[in-house]
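# Descriptive analysis of the structure
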Amino acid sequence: MPASIVLVGSLLWIGGCVTYSNSTQFRSIETYLAAQQPDAALNVLESRRHVRRDEVLHLLNKGMLLRRSGRLAESNTVFETVKQLMTQLYGISIREQTTALVINDATRSYVGYEYEQVLLYVFKALNYLELGEGEKARVEVMQMDVRLRELGKAGAKVEAFGRYVAGIVFEQRREWNDAMVAYRKAYRAYKRRQNGSGVVPRFLQYDLLRLAQRQGLKNELRKYRKEFTITHWRSVRERTKLGELVFLMHNGLAPVKREHSVVSFARHANHTVRISLPYYQHLPATTYGGRIKIAGRSTQSVPVEDINGLARRALERRMGVITARAIARAVIKAEMAKKAQEESRKNNKPLMGFLMEVATLVTERADTRSWMTLPYNIQMVRVALPPGIYDLDAEVSADFNSAVNTRTYPGIKIEKGKYTYINYHWVPPGIHRRR
């Protein structure tokens, strides 16, 4: 078989597949999640065939769907497999780099953006906290700290929520100094957002005041009191007589990457070229807020992580490199097509030149892969309560007005000096319309 036929076939086979986020199966997954049927969504994911280079992405989505189903131990088993696989794939092979430069970026093994790598540790720690395995949660946040240090400046842009969860883990274990350090790092990370004007979550403000007071950090305490304009809070000693409810609302679904392509004619090569770049689809501006009612009190949730923002900023930071690679790839493909046309004319086989041109066009695809089962954002409520058994009502409201969804959690047990965790996953109906 002529080498040109093999090359054309290889190009079409390796690079011509539908990108991950355009799969019709994912539309079904989103529909099931909106219907509060995570097990059905998981069944769809498991039935979906995927190539080896997408194994990390498949397992990330599987672990999140298991978490949404309340199968926390299984979720952590999958997440641990992802961590090990990511470690193996950090050193991308020369073969994959070369293939990506000739075909498209989606031919490389997916190892996740920085924010996805950090959230992997965070969700694993949250699973352990809900399972009552605080020591294992501590191991996860310590490993997260190592990974953040490895990421350097990139890690500093995505560490806020992870640091906050680390602070909760340490405070729960009465490791006051480590808790204060983690809360302080979370405070600084939140402040860095929006060009240094980021909002510090209200509950973190109280955490900083409480721990600064407990640690005798008078100057720092004075600074926080002035900045937050808070004059009263429960001390650590007062809270030891109470239990704490930590309620996390996982709101919506992360944005979806799409592909934008431009086709033009390269005169020097007498060849049509195509450049394809990823972008995040614009979503409606409706904001969903959460509120819980327990022990006669109603408390509004506060945003603690904007995954939509993390995803968009991560892509923006990489667009320069992505665009440069796409342009370089267009030049390489134009030269390949030009040479194929010359060989075709020399051997009187015009079909091969035409097939090569088609192959270089259809294989130019943007890499639209991302962890699609992540929430759009995460919101939190922290409430200190006397020991006892409580019924909890959680509600979701559009634009923080009338409730659009409610859920009751009966028989919530609050124990003295202990933390109780509840995760509420909400996906609005009609989420598939974003397609």
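Residues numbered from 1 in each chain as written. Predicted model: local features only at pLDDT ≥ 70, side-chain atom pairs only at ≥ 80, totals over all residues. Heavy atoms only, no water.

### A few points about the packing of aromatic side chains
Following the criterion strictly, the structure yields 11 aromatic pairs and no others. On the basis of an interplanar angle of 0 degrees and a centroid distance of 5.7 Å, the ring pair of Tyr224 and Phe228 is categorised as stacked. Of this pair, Tyr224 and Phe228 both sit in helix α13 (residues 218–228), 4 residues apart, roughly one helical turn. With a relative accessible area of 1%, Tyr224 lands in the buried category. Here a set of aromatic residues connected by ring pairs shows up, and it is made of Phe79, Phe123 and Trp371. Lying across the ring of Phe203, Arg202 places its NZ or CZ 4.7 Å from the centre. (Phe/Tyr/Trp six-rings, centres within 6.5 Å; stacked < 30°, edge-to-face > 60°. Helix = DSSP H or I, 4+ residues; strand = E, 2+ residues; numbered from the N terminus. Buried < 20%, exposed > 50% of the residue type's maximum accessible area, 1.4 Å probe, protein only. Lys NZ or Arg CZ within 6 Å of the ring centre and 35° of its normal.)

### Overview of the confidence of the model for the protein chain
With 84% of its residues at a pLDDT of at least 70, the protein chain reaches an overall mean of 87. Long-range and interchain partners of residues 5–16, a stretch whose pLDDT sits below 50, account for 31 contacts in this model, where long-range means more than four residues apart. (pLDDT = per-residue confidence, 0-100. Contact = heavy atoms within 4.5 Å.)

### Overview of the packing of helix α4 (residues 55–68) against helix α5 (residues 72–89)
Two elements in contact, α4 and α5, have axes separated by 8 Å at closest approach and are oriented at 160 degrees. In terms of their interaxial angle, α4 and α5 are classed as roughly antiparallel. Our pair here, α4 against α5, has a crossing hand that is left-handed. The segment α4 lies against α5, with Glu55, Val56, Leu59, Leu60, Lys62, Gly63, Met64, Leu66 and Arg67 engaging Leu72, Glu74, Ser75, Val78, Phe79, Thr81, Val82, Leu85, Met86 and Leu89. (Axes fitted to C-alpha atoms, helices over the stretch in contact; angles between N-to-C directions. Parallel < 35°, antiparallel > 145°, perpendicular 65-115°, else oblique. Left-handed = near helix turned anticlockwise from the far one by under 90°.)

### Notes on the pairing of strand β10 (residues 419–426)
With 8 of 8 residues buried, β10 lies mostly within the body of the structure. Taking every second residue as pointing to the same face, both faces of β10 are buried, with Tyr419, Tyr421, Asn423 and His425 on one and Thr420, Ile422, Tyr424 and Trp426 on the other. Strand direction decides the pairing type here: strand β1 (residues 243–251) and β10, joined by 8 bridges, are parallel. Its bridge partner being in β10, Leu245 is matched across the sheet by Thr420. (Pairing = 2+ DSSP bridges.)

### Structural notes on the packing of helix α12 (residues 202–214) against α13
Viewed as axis vectors pointing N to C, α12 and α13 meet at an angle of 155 degrees, and their least axial separation amounts to 9 Å. The angle between the axes of α12 and α13 places the two elements in the roughly antiparallel class. For the crossing formed where α12 meets α13, the hand is left-handed. Facing α12, whose interface residues are Gln205, Leu208, Leu209, Ala212 and Gln213, α13 presents Leu221, Tyr224, Arg225 and Phe228. Tallied by class, the residues present in the contact of α12 with α13 amount to 6 nonpolar, 2 polar and 1 charged. (Nonpolar A, V, L, I, M, F, W, Y, C, P; charged D, E, K, R; others polar.)

### Regarding the nonpolar core
Ranked by internal contacts, the top residues of the largest apolar core, which has 112 residues, are Tyr115, Phe161, Tyr164, Phe247 and Leu392. No other element matches helix α7 (residues 114–131), which puts 11 residues into this core. The contacts of Phe161, once residues within four sequence positions are left out, are Leu119, Val122, Leu126, Tyr190, Leu248, Val304, Glu305, Ile378 and Met380. (Core = buried A, V, L, I, M, F, W, Y, C linked by side-chain atoms within 4.5 Å.)

### Overview of α7
For α7, which comprises 18 residues, the first-to-last C-alpha distance of 26 Å matches the rise-based estimate of 26 Å (1.5 Å per residue) to within 8%. When you tally the buried positions in α7, you get 16 out of 18 residues, the bulk of the element. At the C-terminal side of α7, Gly132 shows a positive phi close to 80 degrees. (Expected span 1.5 Å × (residues − 1).)

### Description of the sheet that holds β1
Two pairing modes exist for strands in a sheet, parallel and antiparallel, and in both the strands are linked by backbone hydrogen bonds. Read from one edge of the open sheet, 4 strands run β6-β7-β1-β10, paired in mixed fashion. A strand with exactly one partner marks an edge of an open sheet, and here the two such strands are β6 (302–305) and β10. Averaged over all pairs of adjacent strands, the angle between their axes in this sheet comes to 30 degrees, without regard to strand direction. Strands in contact with α12 are β6 and β7 (377–385); relative to β7, the strand with the most contacts, it is inclined by about 45 degrees.

### Examining the environment of Leu151
Structurally, Leu151 is set in helix α8 (residues 134–151). A relative accessible area of 15% means that Leu151 is categorised as buried. Separated by 34 residues in sequence, Leu151 and Gln117 place their C-alpha atoms 9.9 Å apart. Apart from residues no more than four positions distant in its own chain, Leu151 is found in contact with Glu114, Gln117 and Val118.

### Examining the pattern of salt bridges
Counting across every chain of the model gives 36 salt bridges. The partner of Arg163 in a salt bridge is Asp145, with the nearest N and O atoms 2.7 Å apart. Of this pair, Arg163 sits in helix α10 (residues 160–172) while Asp145 is found in helix α8, placing the two residues 18 residues apart along the sequence. Grouping residues by exposure puts Arg163 and Asp145 together as buried. For Arg163, the salt bridge goes to Glu159, with nearest N and O atoms at 2.7 Å. For Arg163, a relative accessible area of 9% translates into the label buried. Overall, the relative accessible area of 9% leaves Glu159 in the buried class. (Salt bridge = Lys/Arg side-chain N within 4 Å of Asp/Glu carboxyl O.)

### Some words on the sheet that holds strand β9 (residues 403–414)
Taken together, the 4 strands give an open sheet; going across it, the order is β5-β4-β8-β9, and neighbouring strands pair in antiparallel fashion. Each edge of the open sheet carries a strand with a single partner, namely β5 (297–300) and β9. Each strand of the sheet is rotated relative to its neighbour by a mean of 20 degrees, with strand direction disregarded. Inspection of the sheet shows strand β8 (residues 388–398) paired to β9 by 9 bridges, in the antiparallel sense. Looking across to β9, one finds that Ala394 is bridged to Arg407.

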